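# Remarks on the overall topology
If you want the building blocks of each chain, they are given just below.
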Amino acid sequence: MNLAPGPDLSKGEIRTLAVIAYKQPIMQSKLVDLRGSHSYEHIEKLLENSLIRAKPQGRSKELRTTHKFAKLYGIENPDPETIKEKFSAVLEQDLD
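All figures in this text were calculated on a predicted structure; none of them were measured in a lab. (Residues numbered from 1 in each chain as written. Predicted model: local features only at pLDDT ≥ 70, side-chain atom pairs only at ≥ 80, totals over all residues. Heavy atoms only, no water.)

## Brief notes about the confidence of the model for the protein
Of all residues in the protein, 88% have pLDDT values of 70 or greater, and the mean over the chain is 87. Least confident of the elements in the protein is helix H5 (residues 80-95), whose mean pLDDT is 75; most confident is strand S2 (residues 52-57), at 97. (pLDDT = per-residue confidence, 0-100. Helix = DSSP H or I, 4+ residues; strand = E, 2+ residues; numbered from the N terminus.)

## Concerning the pattern of salt bridges
Going through the model one piece at a time under the given rule, you end up with 3 salt bridges. Between Glu62 and Arg64 there is a salt bridge, and its shortest N-O distance comes to 3.2 Å. Residue class for Glu62 comes out buried when judged on its relative accessible area of 14%. Lys84 is the partner of Glu81 in a salt bridge, and the nearest nitrogen-oxygen pair spans 3.6 Å. Within this pair, Glu81 and its partner Lys84 are both found in helix H5, separated by 3 residues, close to a single helical turn. (Salt bridge = Lys/Arg side-chain N within 4 Å of Asp/Glu carboxyl O. Buried < 20%, exposed > 50% of the residue type's maximum accessible area, 1.4 Å probe, protein only.)

## Let's talk about unusual backbone geometry
Cis peptide bonds are those with omega within 30 degrees of zero, and the linkage from Gln24 to Pro25 qualifies with -5°. The topology assignment puts Pro25 in the loop between helix H1 (11-23) and strand S1 (26-27). Although it is not a glycine, Ser50 sits at a positive phi angle of roughly 60°. The residue Ser50 is located in the loop between helix H3 (39-48) and S2 in this model.

## Structural notes on the pairing of strand S3 (residues 60-65)
In this structure, S1 lies alongside S3, joined through 2 bridges in antiparallel fashion. The residue of S3 that forms the bridge with Met27 is Glu62. Relative to S3, S2 is paired through 6 bridges, and the arrangement is antiparallel. The residue of S3 that forms the bridge with Pro56 is Lys61. Connecting S2 to the next strand, S3, in antiparallel fashion are 2 residues, including Gly58 with a positive phi near 60°. (Pairing = 2+ DSSP bridges.)

If you want it as structure tokens, here you go:
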């Protein structure tokens, strides 16, 4: 799996997307704690590109990847657990 294809995303946006994909569902407030306040801008860009969806929950939002994300990155099953497994495999390869 290559995180480079698709919309023109900055390195920060790709990292934010990777955190969302790996930890989904993740609350926006938790993501901001992990990635910093610049994440708000990243979330807006990812929403504009339909790579994530946001569902309001209280004062925050629950963030998840979309079917478009899965298709764009060659993941046949858009189930969050499948996506997490793919990310784990990529991380293991990068560490070898």
